[in-house]
Each structure stands twice: as C-alpha cells, then as structure tokens.
Amino acid sequence: MDFNYVIAMLLVALGLYCLLLKRNLIKLIIGLVVLTDGIHLFLISLGYRLGGTAAIVSGEMFSDLPGFAAHAVDPVPQALVLTSIVINICILALALSLTIYAYRHYGTLDPSKLRRLKE
Amino acid sequence: MAGMTVIVRTIARLLFPFTFLFGVYIVLHGHLTPGGGFPGGVIIASSVIMLLLAYGIERTQKRVGFLQAEVLESVGGLAIAVLGLFGLLLGIAFLQNVFPLGELGQLFSAGNLPLLYLGVGIKVTAGIILIFYAMLFAFRGEEK
Amino acid sequence: MSLELLIQNALLVFLFVLCLIAIELKDLLYSVIVLAGASVSLSVIFYMLQAPDIAITQAAVGAGVMTVLFVIAISRTRRKE
C-alpha cells in the first residue's frame, strides 16, 4: 500500500516540473492534468482499507449494517474526488479556450512571449 | 471539421445507439449501482460528439442544434430547482423527499432521487455539447 | 505478495511511465493520446481500490471528453511544441 503514496507524490512532482519548466501552453495544461491525477490517487488511497468492500449497500447487506460498516472503505474521499473531477473538466475547457484565444491574439504558444502588448 | 471516411462513419452509426443506451442506463440506475447523473451525462454527450466527429458539424447540427442544447440545459436546471421547491412548498426543507419511498432495490424507489439524477443527466449532456459547440465555433467567422 | 497487489503495482508503474512519456513527447497530439491511456490505467487502479463510482467517471471523462477537448484545441493552434 505504501507504493500508492510513492507514485502519487511522484505524479505531483512530475506535474510541478512540467508546470515550471515547459515552454508551451498546451503542455502546461497536460502538466496540470497529471498533477490532479496524483492528488486523486492520493485521496483515494487514503480512504482504502485492506480487504475492504465498496461503500454501496445492496439488498442482502441491509440486514447487517454494523458488519457492513466494519468492512466498507471510507466514502468521504470518494465524494471529494468526484467533485474534483467535475471541477477539473470545467477548468480544462476554460484553460483550453483561453489558449486558443491567446494563440489567435499573439500567434505563439510560448508563455514567456505573451508579455508584450499587441501593437 | 468536414467529417471522415466511410469506415469511420459506418462504425459510428452502428455504435451510436449502444453508447446512448448505456448512458441512459447509467443515469436511470444512479441510485442503485455505481454511476449517477454526471457520468451518464458525459457518456451520452460522448456518443453525440462521436457522431459530430464522424459526420461533420453541419449534418449533426440538424439533429442536435445549438438552440436545442441551450433549451435542454435550461430544462435540466429548472427540473432540479422545481424538485427542490416542491419540498419547500410543503413546509419541510429544500430538496426534502415528498414522494413515496418504495421498496429497496427496485428501479422506481428512493423518492425523488431518480428524478434528480434525470435532471442532472440532462443538464450535463446539454452543457458538455454546448462546450464543444462553443470551442468549435469560436473563430468561425475569421476562417477562410 | 498476492496477485492482485502485483497487478496493482504494475499498473501504478505503467501510469507513471505513461505520464512521463506524455510530458516529454515533442508532438502534442501523441502526447494527448498517451495521456488518455494513462487515464484509463488510473481508472482501473480506482476500481481495484474499491471506488467503482470514481472509476466510471474517470474513464468517461479522461478517455472521452478530455481527449476530444485537447484535440480540438490542438487543431485550432499548432501541433508541434
């Protein structure tokens, strides 16, 4: 189980490296997606317990709710991650639209050249 | 985007009903199995986008136009608001259940949860199709 | 080490390698397709971590909507980095 946290932290480091060092706006957004994937993996791994079952009550489990609660994984990080995925796709669409506008306006995708004013 | 070859068009036409039906299944069974309004809506929107990529914009827009998608999104939002006000009008909290609960595990059970998921599914479908149309038509006037 | 844990660790390594390739490739279109593969791998890991709800959402969003959004943005701008 510790390997999950190692990979999650490596993904966050990889996303930060991409955000800091790459010189292309679409590559920066790809780095943002990788960073978010790392955070999602970390949160889901926090809620997992060894040998646990999914936190969904079906018919026959309903008679034994304390036994179900003793075996189920934590559903709170899953709800958080679901909200985070929804927000992530909205931020992605907004950032890609801004990238298209910036390319039309400046003719380049290099963020260090976006500083000059359009003459 | 002008559309693709005959092979892609045939596969997209054959695959469209199954993808659409799977999305509807995910939305309708949101209170029983994994899934719900958002994933089902995304799957339905993906099936429409698949047609859009295979057949080009002009032919798809006759089926699902810009105005229709906007009206559908408003209808989805309105359904959620009306369901919430239903509980408020009867003197209990916002979005409180007022319908009969039914039997556990049946399709028509759990009060207003299936209706709520239906509203969320319609709104997500229309919203994602609208995002695609907006990104495709952003600079249409300047091109060519 | 059980078989399930072995598969899960292999998928984690696969996910990391795919993300590294997606960041380092020079062609943006290839990079986006590799990122969709990484997303599917992450969705299988979520399913093995007993979160089927997140797995469905991640697969639909990551392989479906996100890829097409990136492809439209690349077709409107430049393909090479």
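Whatever comes next refers back to the structure up there.
Scope of this entry: the structure provided in the associated data block. This is a predicted model, so every value here is computed, not measured.

Attention now goes to the packing of helix 1 (residues 2-21) of chain A against helix 2 (residues 25-47) of chain A. A pair of packed helices can be characterised by two numbers: the angle between their axes and the separation between those axes. Residues and elements named next belong to chain A. Contact geometry for helix 1 and helix 2: axes closest at 8 Å, N-to-C directions at 160°. Between helix 1 and helix 2, the angle is such that the two are roughly antiparallel. With respect to the hand of their crossing, helix 1 and helix 2 are arranged in left-handed fashion.

Looking now at the layout of surface pockets. The space that makes up the largest pocket amounts to roughly 610 Å³. Elements supplying a minimum of two residues to the lining of the largest pocket: helix 4 (76-106) of chain A, helix 5 (113-136) of chain B together with helix 3 (52-76) of chain C. Its residues assigned to classes, the lining of the largest pocket shows 16 nonpolar, eleven polar and two charged.

Overall, the coordinates contain zero disulfides over all chains when judged by the stated rule. Free of any disulfide, A:C18 has its nearest cysteine sulfur in C:C19, 10 Å distant. The buried category is assigned to A:C18, whose relative accessible area is 0%.

Residues A:F3, A:V6, A:L10, C:V13, C:V17 and C:I21 make up a contiguous nonpolar surface patch of roughly 430 Å² in combined accessible area. Topologically, A:F3 is positioned in helix 1. We classify A:F3 as partly exposed; its relative accessible area is 31%.

Let's shift gears to the nonpolar core. Counting residues in hydrophobic clusters, the biggest one holds 78 residues, and the most contacted among them are A:L41, A:L92, C:L69 and C:F70. Considering each element in turn, this core owes the most residues, twelve residues, to helix 3 of chain C. In this structure A:L92 touches A:I29, A:V33, C:M66, C:L69 and C:F70, once residues within four positions along its chain are discounted.

Attention shifts here to the interface of chain C and chain A. Listed per partner, the contact involves 39 residues of chain C and 42 residues of chain A. Broken down residue by residue, the surface that chain C buries against chain A is led by C:I23, C:L49 and C:Q50, which jointly contribute 17%. The tally of links between chain C and chain A comes to one salt bridge. Across the salt bridge formed by C:E24 and A:K22, the nearest N and O atoms sit 3.4 Å from each other. Scanning the region where chain C abuts chain A turns up seven residue pairs in polar contact (both at pLDDT 80 or more). Every element with two or more residues in the side of chain C that touches chain A is listed here: helix 1 (3-24), helix 2 (28-48) and helix 3 of chain C. No other element matches the twelve residues that helix 3 of chain C contributes to the side of chain C that touches chain A. A per-class count over the side of chain C that touches chain A returns 27 nonpolar, seven polar and five charged.

Definitions and limits used
Residues numbered from 1 in each chain as written. Chains lettered and ligands numbered in written order. Predicted model: local features only at pLDDT ≥ 70, side-chain atom pairs only at ≥ 80, totals over all residues. Heavy atoms only, no water. Axes fitted to C-alpha atoms, helices over the stretch in contact; angles between N-to-C directions. Helix = DSSP H or I, 4+ residues; strand = E, 2+ residues; numbered from the N terminus. Parallel < 35°, antiparallel > 145°, perpendicular 65-115°, else oblique. Left-handed = near helix turned anticlockwise from the far one by under 90°. 1 Å grid on protein atoms, 1.4 Å probe; cavity = no way out; pocket = protein on both sides within 12 Å on 5 of 7 lines; lining within 4 Å. Points joined across faces, edges and corners; volume = space filled by probe spheres on them. Nonpolar A, V, L, I, M, F, W, Y, C, P; charged D, E, K, R; others polar. Disulfide = S-S within 2.5 Å. Buried < 20%, exposed > 50% of the residue type's maximum accessible area, 1.4 Å probe, protein only. Patch = residues over 30% accessible without salt bridge, like charges linked within 9 Å, V, L, I, M, F, W, Y side chains within 5 Å. Areas by Shrake-Rupley, 256 points an atom, 1.4 Å probe, with all protein chains shown as cover. Salt bridge = Lys/Arg side-chain N within 4 Å of Asp/Glu carboxyl O. Core = buried A, V, L, I, M, F, W, Y, C linked by side-chain atoms within 4.5 Å. Contact = heavy atoms within 4.5 Å. Buried area = accessible area lost by both parts, 1.4 Å probe. Polar contact = N/O pair within 3.5 Å; in protein donor to acceptor, adjacent residues only side chain to side chain.

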